[in-house]
Amino acid sequence: MAMLETVNLYSGYGKLKVLFDINFRANEREITVVVGPNGAGKTTLLNSICGVATIHGGRVVFEGREITGESPHKVARLGIAYLPQMGNVFSELTVEENLLIAGYLLPKREVKDRVDEVLDIFPKLKGFLRRKAGTLSGGERRMLAISMALMRRPKILLLDEMTTDLAPILVKKVLEKVVELRDRLGLTVVLVEQHAKLALEIGDWAYLLVSGTMRFEGEPEELLKHPQFAKLYLGIAR
Ligand SMILES: Nc1ncnc2c1ncn2[C@@H]1O[C@H](COP(=O)(O)OP(=O)(O)O)[C@@H](O)[C@H]1O
Ligand SMILES: [Mg+2]
């Protein structure tokens, strides 16, 4: 079942038109991967869902309920966690403080349980609780950022280019964690990725966005074999 969908969505920023007639669905307990060249509108798709972009037409539906143009905090309250591309942690605060801040809206007695829950999924962070987040490696910082999003037990996680600038081995590790989130927590994930091939390997369903329009929707393996995909991604690599 689609947990989140856009129906004939047109959006952009102010008068600027970026997305054209986008029909996108993210099914429950699946990893939906969105790939496409720089500037294609991938971030704008997430921004449109989360109330950051301007909607020119169409609808955004979450759990059967229309949320088109709702404010970012309202969208967050419904259980949609958005980790923006440049989304980061508070470098001057410790790992623990970052987690506590992420849970600041929760009832006090729940916070500790949630921290324990999150550390159970990212055990590596246990050793870093007193360290300033700014001293973590790139990979560890991404893990902390995901942990912060998980503090509120979201229903769906929107991840925008979590693995950019990471060494290949770390890219794999972060993506393995995403699989674990799906399998252990039953989380629904929308994964926007620059590392298209690796992301498609873990995805359940895939979209290819080019110049603001959806060019492909289907099984990730099919997209990997798609002639346009190879062309675009070879283009990007150069
Ligand atoms: N905040 C913004 N205001 C105006 N234009 C924007 C903004 N963010 C992105 N754009 C424009 O929207 C288009 C799509 O960008 P974006 O969604 O960031 O693409 P992608 O994430 O696929 O690289 C680009 O032409 C970009 O310049
Ligand atoms: Mg982007």
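Just above sits the structure.
Remember, predicted model here, so these are calculated numbers, not experimental data.

Novice: Even after reading the chapter, I still don't get the overall build of the protein, so can you show me in this structure?
Specialist: Scanning the protein for helices and strands turns up 9 helices and 10 strands. Here the protein has a C-alpha radius of gyration of 18 Å; the compact-globule value for 238 residues is 18 Å, and the two agree. In terms of its C-alpha atoms, the protein occupies a principal-axis envelope of roughly 45 × 40 × 30 Å. Expressed as a percentage of its 238 residues, the buried residues of the protein come to 38%.

Novice: In this structure, what is going on with the site of ligand 1? I would like to understand it.
Specialist: Tyr13, Leu16, Val18, Gly36, Asn38, Gly39, Ala40, Gly41, Lys42, Thr43 and Thr44 make up every residue found near ligand 1. When residues of the shell around ligand 1 are traced back to their parent elements, those giving at least two are strand 2 (16–27) and helix 1 (42–49). No other element matches helix 1, which puts 3 residues into the shell around ligand 1. Residue composition of the shell around ligand 1, grouped by class: 4 nonpolar, 6 polar and 1 charged.

Novice: I'm lost on the pairing of strand 7 (residues 156–160) in this one. Help?
Specialist: In summary, the side chains of a regular strand alternate between the two faces of the sheet. Most of strand 7 sits inside the fold, with 5 of its 5 residues counted as buried. Examined bridge by bridge, strand 6 (residues 80–83) and strand 7 share 4 bridges and lie parallel to one another. Its bridge partner being in strand 7, leucine 83 is matched across the sheet by leucine 159. For strand 7 and strand 8 (residues 188–192), the ladder comprises 5 bridges, and the chain directions are parallel.

Novice: Would you explain the packing of helix 3 (residues 95–102) against helix 5 (residues 138–150) in this entry?
Specialist: When two helices pack together, their arrangement is given by the angle between the helix axes and the distance between those axes. Following both chains from N to C, one finds helix 3 and helix 5 inclined at 30°, their axes separated by 8 Å at the closest point. Looking at the two axes, helix 3 sits roughly parallel to helix 5. Of the two possible hands of crossing, helix 3 and helix 5 adopt the one that is right-handed. Residues Val95, Asn98, Leu99 and Ala102 of helix 3 lie in contact with helix 5, whose contacting residues are Leu144, Ser147 and Met148.

Novice: Would you explain unusual backbone geometry in this entry?
Specialist: Generally, phi is negative for residues other than glycine and the peptide bonds are trans, each holding for most cases. Its identity as a non-glycine residue notwithstanding, aspartate 21 has a phi of 55°, on the positive side. Looking at the secondary structure, you find aspartate 21 in strand 2. The exposure class of aspartate 21 is partly exposed, given the 14 C-beta atoms found within 10 Å. One non-glycine residue, aspartate 165, lies in the positive phi region at around 70°. Note that aspartate 165 resides in the loop between strand 7 and helix 6 (168–185).

Novice: Looking at this structure, I do not really get the sheet that holds strand 8. What am I missing?
Specialist: Hydrogen bonds between backbone atoms are what pair the strands of a sheet, whose relative direction is either parallel or antiparallel. Pairing within the open sheet is mixed, and its 6 strands lie in the order 6-7-8-3-9-10. In this open sheet, the two strands that pair with only one neighbour each are strand 6 and strand 10 (213–218). Going across the sheet, the axis of each strand differs from the next one's by a mean of 15°, ignoring polarity. Packing of helix 6 onto the sheet brings it into contact with strand 3 (31–35), strand 7 and strand 8, and relative to strand 8 it is tilted by some 160°.

Reading the values: rules and limits
- Residues numbered from 1 in each chain as written.
- Chains lettered and ligands numbered in written order.
- Predicted model: local features only at pLDDT ≥ 70, side-chain atom pairs only at ≥ 80, totals over all residues.
- Helix = DSSP H or I, 4+ residues; strand = E, 2+ residues; numbered from the N terminus.
- Rg over C-alpha atoms; globule rule 2.2 N^0.38 Å.
- Buried ≥ 20, exposed ≤ 12 C-beta atoms within 10 Å, placed from the backbone.
- Near = placed C-beta within 6 Å.
- Nonpolar A, V, L, I, M, F, W, Y, C, P; charged D, E, K, R; others polar.
- Pairing = 2+ DSSP bridges.
- Axes fitted to C-alpha atoms, helices over the stretch in contact; angles between N-to-C directions.
- Parallel < 35°, antiparallel > 145°, perpendicular 65-115°, else oblique.
- Left-handed = near helix turned anticlockwise from the far one by under 90°.
- Contact = placed C-beta atoms within 7 Å.

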